[in-house]
Amino acid sequence: MKISEGYMPYLGYQTYYRIVGDPNPTKKPLILLHGGPGSSHNYFELLDKLAIEDNRQLVMYDQIGCGLSATPSRADLWCSKTWIEELIALRDFLNLEDCHILGQSWGGMLAIEYLCDYAPKGISSVILSSTLPSSELWSQEQHRLIKLMSDEHQAAIKWAEEHNDFTRPEYLEANDVFMQLHAGDTPDETSPEPLRRKKASGEEAYITAWGPNEFHPNGNLSNWDYRDKLSTITIPTLVTSGTNDLSTPLIAKTMADGIPNAEWTLFPYSRHMPFVEENEDYIALLKTWLNKIDSQKSS
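In this text the structure is predicted, and so the values were computed from the model without any measurement. The numbers attached to residues start from 1 for each chain and follow its sequence in the written order. Totals for whole chains, interfaces and linings use every residue, but because this is a predicted model, local features are given only for residues with pLDDT of at least 70 and side-chain atom pairs only at 80 or more, for both listing and counting. Hydrogens and water molecules were not included; the side-chain quantities draw on all heavy atoms of the structure.

1. Overview of the packing of helix H2 (residues 80–93) against helix H3 (residues 106–118)
Item 1. Here an axis means a line fitted to C-alpha atoms, over the contact stretch when the element is a helix, while the angle between two N-to-C directions is reported on a 0 to 180 degree scale. Secondary structure follows DSSP: runs of H or I at least 4 residues long count as helices, runs of E at least 2 residues long count as strands, and numbering of each begins at the N terminus. Running from N to C, H2 and H3 cross one another at 75°; their axes reach a closest spacing of 10 Å. With respect to H3, the element H2 is oriented roughly perpendicular. Contacts between H2 and H3 involve Ser-80, Lys-81, Trp-83, Ile-84, Leu-87, Ile-88 and Arg-91 from the former and Trp-106, Leu-110, Glu-113, Tyr-114 and Tyr-118 from the latter.
Item 2. Residues are grouped as follows: Ala, Val, Leu, Ile, Met, Phe, Trp, Tyr, Cys and Pro are nonpolar; Asp, Glu, Lys and Arg are charged; all remaining types, including Gly, are polar. Residue classes in the contact of H2 with H3 are distributed as 8 nonpolar, 1 polar and 3 charged. Roughly parallel refers to an angle under 35 degrees, roughly antiparallel to one over 145, roughly perpendicular to one between 65 and 115, and oblique to any angle outside these ranges. Contacts between residues were defined by any pair of non-hydrogen atoms, one from each residue, lying within 4.5 Å.

2. A short note on unusual backbone geometry
Among all residues except glycine, the phi angle is most often negative; among peptide bonds, the trans geometry is most common.
Item 1. For the bond from Gly-36 to Pro-37, the omega torsion is -5°, close enough to zero to count as cis.
Item 2. Secondary-structure assignment places Pro-37 in the loop between strand E3 (30–33) and helix H1 (48–54).
Item 3. Look at Leu-11: it is not a glycine, yet its phi comes out positive at around 55°.
Item 4. With respect to the helices and strands, Leu-11 occurs in the loop between strand E1 (3–10) and strand E2 (13–20).
Item 5. Per-residue accessibility, obtained with a 1.4 Å probe over protein chains only, is compared with the maximum for each type, and a residue is labelled buried under 20%, exposed over 50%, and partly exposed between these values. Residue Leu-11 is classed as partly exposed on the basis of its relative accessible area, which comes to 44%.
Item 6. For Asn-261, which is not glycine, the phi torsion reads 60° and is therefore positive.

3. Some thoughts on the UniProt feature "domain: AB hydrolase-1" (unreviewed entry) in the protein chain
Item 1. As annotated by UniProt and renumbered to match this structure, "domain: AB hydrolase-1" (unreviewed entry) occupies residues 28–278.
Item 2. Regarding residues 28–278, the helix share stands at 39% and the strand share at 13%, and the terminal C-alpha atoms are separated by 24 Å. UniProt positions are given in the numbering used here, feature names are shortened, and annotations may be inferred rather than shown by experiment.

4. Some points on the packing of aromatic side chains
Item 1. When the centres of two rings from Phe, Tyr and Trp lie within 6.5 Å, Trp using its six-membered ring, the rings pair. Their planes under 30 degrees apart give stacked, over 60 give edge-to-face, and anything left gives tilted. Tallied over the entire structure, the rule returns 13 aromatic pairs.
Item 2. A centroid spacing of 4.9 Å and a plane angle of 65° characterise the contact between Tyr-43 and Phe-44, whose relative ring orientation is edge-to-face. Each of the two residues, Tyr-43 as well as Phe-44, counts as buried.
Item 3. An angle of 65° between the planes, with centres 6.0 Å apart, marks the rings of Phe-275 and Tyr-282 as edge-to-face.
Item 4. Every member of this aromatic cluster is reached through a ring pair, and the members are Tyr-43, Phe-44, Phe-267, Phe-275 and Tyr-282.
Item 5. Charge over a ring is defined by NZ of Lys or CZ of Arg lying within 6 Å of the ring centre and within 35 degrees of the ring normal. Directly above the ring of Trp-159 sits Arg-168, whose terminal nitrogen or CZ lies 3.7 Å from the centroid.

Structure, rendered in structure tokens:
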């Protein structure tokens, strides 16, 4: 399997990208937008087998401010405009005129804003993976999930939010439990190598754009809300999420209902990363979806 890596100049820095497989004239490449803000492409390497099994090129990259695209402190850059213009630049740099897009978590927010506000050409379909249409709805649902936790953990989180202090050990323990329940396990020596690989932290990007944790958005995305614009997304759309996901069934259904003719697949044994926890089934779904769309486009 051919893997090409490189860097694209962007805003005086370097955006790392990784391309898996060769171009296929009958199958559009799939661009993968990772979460965070401030995560990295690493977990998407678990989808490499899609390139082999489906003879489809995958393009993944580290958004500026994290991973192999880390920068010095630049809090002024950490906003959706920076990352959307980076995606636009990357499509141009790699000649990705026609493609599919998959956005996971924050990457799905990026995809939604890109589609709604920039009206890009050449996007055959979008897969919205464990993402959200509204920061307000996201926060609302996380606080509903918090009510299912122990009284002690609820109290620790409530105190942290009321005092804007997210440093106390009681809060840190409660947040770790919350993330283990709905996001994923902390990688250990038994985890796939891409999940446990060390990476440059995108913490500044996360805190600046989103906030201190998943349930208390107070960054520049805190008022981000595209529920009223979902109907403007007219390309084929697949929504995916896990039963115990941060992206709860209500959040996923809000997107599936709001986007014309969208389809939704709920993975029964997953949290925030069904492409990790139900990897084979997720890849099978992607193959079916992408080939269906490509065949429709060519007919």
